[in-house]
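In case you want the letters, here they are:
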Amino acid sequence: MRCNCAAGIYEDELQSAIEARSESLQTLRELGPPDLVHLVKQPVKSTTKQVGVYHHVSGIDASSSASLAAYINTLTYSAHDKQHKVVSGLYCCYNAFSRLDMRVQVYIPGTVESYCIDERGDKRVATDELWLETYLCSVLRAYSYADDGSGDTIKKIIGVRRFNPITSTESEHKFLDAAERLFFSGWQLGSDPEIQVPNLVSNHLTTGLLSYIQTTGRYASGINLFEKLRTRDPEISSLLARVYIEADEEVKAVQLLHEAIQELPMDYSLLDCQAEFCNKKGRGDLALEIAKRSVVSAPSEFGTWARLAEIYVSLEQWDLALLTLNSCPMFTYQDKDAPRMPEPQRVFLPVMQEALCDEIEDGNLDEMEMVHPTLRKLHAAGFKGTFLKAYILLTEITKKIGWDQLLKIRSQVFVMEEEYRHEKTQAPAPHSRSASTTALRSPSPNARVNGGSTEIEQRPDDTEDAPNGESSSSAVPPPDSLEKPSHTVASEVVKAGSEDPHLTSDSNPNNPNYTQFQNKRLCERWLDNLFMVLYEDLRVYTIWRTEMAQYRQQQLLYKKSAEEWEILGELAERLHHIDEAVEAYENCLQIKFSPKAMRGVLKLGQERRNTRDVCAALIRLVTWQYRWYSEFSPSLLFTIRKLIEEEGAVKIRSIIQGTSLPQHVLDLTHQYAALCAAFRSSGSDG
């Protein structure tokens with residue numbers, strides 16, 4: 001679609017795409033869908049038959065009608081289609097602040113008209129203030145809706161051109177100026193799915209700003225912006241502190257957090273930032289009380305509870321980590337706004353000359369391979385939002401203590417089904433306080449390290465030999481070594497079945513004891529489900545590794561389809577088995593190119609600090625993205641910026657240039673490196 005009006009999605013009925021967009025305006029909840037560009041074409045020798053062709057786009061300068069009209073003008077000439085001419089074009093760009101669709105109509109040759117459409121479909125005048133809001137929304141969408149390199153986002157919406165909205169220090173100044181002017185309205189845009197209530201420091205605008213600063217390494221610009229905004233509201237100190245930490249200005253960050261918390265002692269964003277910093281420095285003991293105060297400050301936010309659970313994991317207080325996880329408020333995942341378009345007549349998305357490369361051609365995006373039903377049904381692969389973060393915490397606990405130990409602690413702290421049935425026939429015990437406050441009232445970590453059980457404290461080192469841990473021996477455990485978890489009792493089941501007060505009783509915080517039924521907690525249904533999902537992940541992983549070992553012993557080739565290897569790679573990565581994940585991804589890539597597998601190789605290469613592997617993966621991912629019209633991925637830009645920062649631009653350019661791929665393919669990655677030089681990133685001067 002690069003300046004080629006023959007490419008795009010052809011409508012079955014003229015204007016149907018525009019009508020579908022207008023109808024969807026009242027259902028939009030987030031930043032809005034990507035911009036829609038609709039062209040009307042007709043044969044050169046006829047004026048009667050017209051056809052509509054459209055595509056989506058992000059990252060175009062939407063600060064005025066002139067810049068959007070200029071984009072449409074770039075699409076009016078095509079060397080590939082001389083039989084048709086473009087007679088008009090419409091550019092639609094959503095303003096999430098005022099909930100309006102800004103539109104620029106271009107007649108060729110002729111006039112340009114700009115206006116906006118509200119949720120009811122009524123026309124309004126497009127003012128300068130509305131264009132400012134629209135511009136800021138367009139930049140935030142370009143960052144928020146960009147692909148991370150895996151291709152998942154690209155495959156969601158077909159036919160989207162993605163451009164980098166900020167390619168120079170001048171365009172950065174324009175973006176940050178708009179962000180400063182509209183900062184205190186940012187909460188209106190909504191927030192990430194893990195945030196219950198958008199506020200001044202947790203919304204799509206602040207997420208976009210932090211993403212931009214981290215991606216480009218423009219810390220001084222970010223510090224300058226938040227310093228100015230902090231004079232108007234001290235709450236913004238948490239954002240400034242995060243940028244200081246990113247910029248390796250940790251002393252300033254600590255001083256700022258100390259001063260700001262004295263002024264705002266119960267600001268949960270400040271407390272969470274401080275707790276995260278202490279925990280990453282290996283001082284979970286310091287982070288613990290801060291995280292507890294953060295939970296008290298914002299008990300309905302998932303992030304505060306998740307941080308507390310994370311700290312208990314680092315302190316190896318497994319029982320309290322599970323209890324805290326059980327208390328996390330879980331939210332239904334709200335996906336990004338996406339266009340709902342009618343069935344097209346046809347889709348024409350040719351490969352651009354710059355992206356031609358035999359090695360990365362992966363055929364049809366929708367092509368389905370043969371995949372074993374068991375692998376298709378691994379539910380953890382579909383987790384998003386709060387459920388994904390909770391599952392990651394659960395797998396981290398399992399990685400450290402093993403599946404058997406996890407089940408043991410689970411049965412110690414939660415009411416199991418058999419116990420519940422037995423206890424229902426017994427007399428009720430005295431009522432005591434709510435179970436959800438247990439983790440907040442626990443003693444200091446010095447009192448006990450691994451929960452309340454002596455058996456846990458004296459656990460032997462070889463428990464890591466469970467199938468989810470990194471086994472110290474080469475033997476692979478048999479599949480039946482995994483004990484299927486018996487169900488705990490969900491809180492709503494207990495409440496519905498009995499009002500006995502002892503069912504929600506709590507233990508003495510100074511001497512927790514989980515051996516008595518009345519001292520146990522009720523497991524939330526969603527957490528019970530996560531245990532079952534984790535069991536299935538571990539079971540499939542164990543079977544795979546057992547079969548692999550058996551085939552190797554017999555010197556036989558272990559065969560899987562490319563998609564099966566991709567799924568197994570994701571599975572191993574979820575369970576924190578780095579070597580096995582890389583092995584599966586590489587097996588997938590030997591069969592065919594897969595952006596998800598290549599993204600896995602890149603990510604795991606970064607963890608191993610293998611510069612050449614990361615560069616090789618980066619080149620291929622940049623090229624694959626370009627093939628699907630994505631010229632901008634913040635994640636890939638961040639990767640190359642960090643490589644340049646660590647190794648220097650000269651070395652990285654040399655490694656890229658030394659790769660045996662066509663020059664036009666290498667040039668695509670050089671463009672990312674040139675962007676780092678334009679932003680004067682660390683290491684880009686040599």
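Residues numbered from 1 in each chain as written. Predicted model: local features only at pLDDT ≥ 70, side-chain atom pairs only at ≥ 80, totals over all residues. Heavy atoms only, no water.

### Comments concerning the overall build of the protein
- A count of helices and strands for the protein gives 27 helices and nine strands.
- Taking the intrachain contacts of the protein between residues at least 6 apart in sequence as the baseline, contacts between residues at least 24 apart amount to 72%.
- For the protein, the exposed surface amounts to about 30,100 Å²; the carbon and sulfur share of it is 49%. (Helix = DSSP H or I, 4+ residues; strand = E, 2+ residues; numbered from the N terminus. Contact = heavy atoms within 4.5 Å. Areas by Shrake-Rupley, 256 points an atom, 1.4 Å probe, with all protein chains shown as cover.)

### Structural notes on the packing of helix α21 (residues 562-574) against helix α22 (residues 578-591)
- Viewed as axis vectors pointing N to C, α21 and α22 meet at an angle of 165 degrees, and their least axial separation amounts to 8 Å. It follows that α21 is roughly antiparallel to α22 by the angle criterion. Our pair here, α21 against α22, has a crossing hand that is left-handed. Where α21 approaches α22, its residues A562, W565, E566, L568, G569, E570, A572 and E573 are matched on the opposing element by E580, A581, A584, Y585, N587, C588 and I591.
- Taken together, the residues that form the contact of α21 with α22 break down as nine nonpolar, two polar and four charged. (Axes fitted to C-alpha atoms, helices over the stretch in contact; angles between N-to-C directions. Parallel < 35°, antiparallel > 145°, perpendicular 65-115°, else oblique. Left-handed = near helix turned anticlockwise from the far one by under 90°. Nonpolar A, V, L, I, M, F, W, Y, C, P; charged D, E, K, R; others polar.)

### Digging into the packing of aromatic side chains
- Under the criterion given, the structure shown has 16 aromatic pairs.
- Residues Y71 and Y91 carry aromatic rings whose centres are separated by 5.9 Å and whose planes lie at 90 degrees to one another, so their mutual orientation is edge-to-face. On the criterion of sequence distance, the pair formed by Y71 in helix α2 (residues 65-73) and Y91 in strand β4 (residues 84-95) is long-range, its members being 20 residues apart. The exposure classification of Y71 matches that of Y91, with both residues buried.
- Ring centres of F387 and W526 lie 6.2 Å apart, and the angle between their planes is 85 degrees; on these two criteria the pair is classed as edge-to-face. Of this pair, F387 sits in helix α15 (residues 385-401) while W526 sits in helix α20 (residues 525-553); the two residues are 139 residues apart in sequence, bridging distant segments of the chain.
- Grouping aromatic residues by their ring pairs yields a cluster made of Y143, F175, Y212, F632 and F679.
- The ring of Y115 carries the charged tip of K123 above its face, separated from the ring centre by 4.2 Å.
- We note K174 situated over the ring of Y135; from NZ or CZ to the ring centre the distance is 5.1 Å. (Phe/Tyr/Trp six-rings, centres within 6.5 Å; stacked < 30°, edge-to-face > 60°. Buried < 20%, exposed > 50% of the residue type's maximum accessible area, 1.4 Å probe, protein only. Lys NZ or Arg CZ within 6 Å of the ring centre and 35° of its normal.)

### Description of the pattern of salt bridges
- Counting across every chain of the model gives 37 salt bridges.
- Between D101 and R103 there is a salt bridge; the shortest N-O distance is 3.0 Å.
- By relative accessible area, D101 is classed as buried at 0%.
- Its relative accessible area of 3% is what places R103 among the buried residues.
- Members of the salt-bridge network, linked through shared partners, are R242, D272, E276, K280, R307 and E310. (Salt bridge = Lys/Arg side-chain N within 4 Å of Asp/Glu carboxyl O.)

### Considering the side chain of R218
- Along the polypeptide, R218 turns up in the loop between α6 (204-216) and α7 (219-230).
- Non-local contacts of R218, meaning those with residues more than four positions away in its chain, are made with T169, E172, Y212, I213, F679 and R680.

### Re the confidence of the model for the protein
- Across the protein, the average pLDDT comes to 86, with 84% of residues at 70 or higher.
- Per-element averaging of pLDDT across the protein places helix α18 (residues 454-457) at the bottom with 27 and helix α8 (residues 237-246) at the top with 98.
- Throughout residues 430-436 the model reports pLDDT below 50, and contacts reaching past four residues in sequence, or to other chains, amount to 19 contacts. (pLDDT = per-residue confidence, 0-100.)

### Side note on a negative patch on the surface
- On the surface, a cluster of negative charge is contributed by D12, E13, E19, E23 and E343.
- Here E13 shows up in the loop between β1 (8-10) and α1 (16-24). (Patch = residues over 30% accessible without salt bridge, like charges linked within 9 Å, V, L, I, M, F, W, Y side chains within 5 Å. Lys, Arg positive; Asp, Glu negative; His and termini not counted. Charge placed at Lys NZ, Arg CZ, Asp CG, Glu CD.)

### Quick word on the environment of L322
- Inspection of the secondary structure puts L322 in helix α13 (residues 318-327).
- Since its relative accessible area comes to 1%, L322 is described here as buried.
- As for L322 and V413, which are separated by 91 residues in sequence, their C-alpha atoms are 8.2 Å apart.
- With near-sequence residues (within four places) excluded, L322 lies in contact with L394, I397, L406, I409, R410, F414, L527 and F531.

### Describing the nonpolar core
- Ranked by size, the top nonpolar core spans 167 residues in total, and within it F175 and F226 carry the most contacts.
- Looking at this core, the element that brings in the most residues is α20, giving 12 residues.
- Residues in contact with F175, not counting those within four places in the same chain, are Y135, L136, V139, L140, I166, L209 and Y212.
- Within the second largest apolar cluster, 24 residues are counted, among which are V37, L75, C93 and C116. (Core = buried A, V, L, I, M, F, W, Y, C linked by side-chain atoms within 4.5 Å.)

### Points about the packing of helix α23 (residues 595-608) against helix α25 (residues 634-647)
- Contact geometry of α23 with α25 gives a least axis separation of 12 Å together with a crossing angle of 35 degrees. At the point where α23 passes α25, the crossing takes the left-handed sense. Together, R599, L602 and Q606 of α23 and S635, L636 and T639 of α25 make up the contact between the two elements.
- In the contact of α23 with α25, the residues fall into two nonpolar, three polar and one charged.

### A look at the pairing of strand β6 (residues 112-117)
- Summarising the sheet, strand β5 (residues 100-107) and β6 pair through six bridges and their orientation is antiparallel. Within the sheet, the bridge partner assigned to Q105 lies in β6 and is E113.
- Joining the antiparallel neighbours β5 and β6 is a turn of four residues, in which G110 adopts a positive phi near 150 degrees.
- Note: β6 against strand β7 (residues 123-124), two bridges, orientation antiparallel. Opposite C116, over in β7, you have R124 as the bridge partner.
- Two successive antiparallel strands, β6 and β7, enclose a turn made up of five residues, where G121 displays a positive phi of approximately 90 degrees. (Pairing = 2+ DSSP bridges.)

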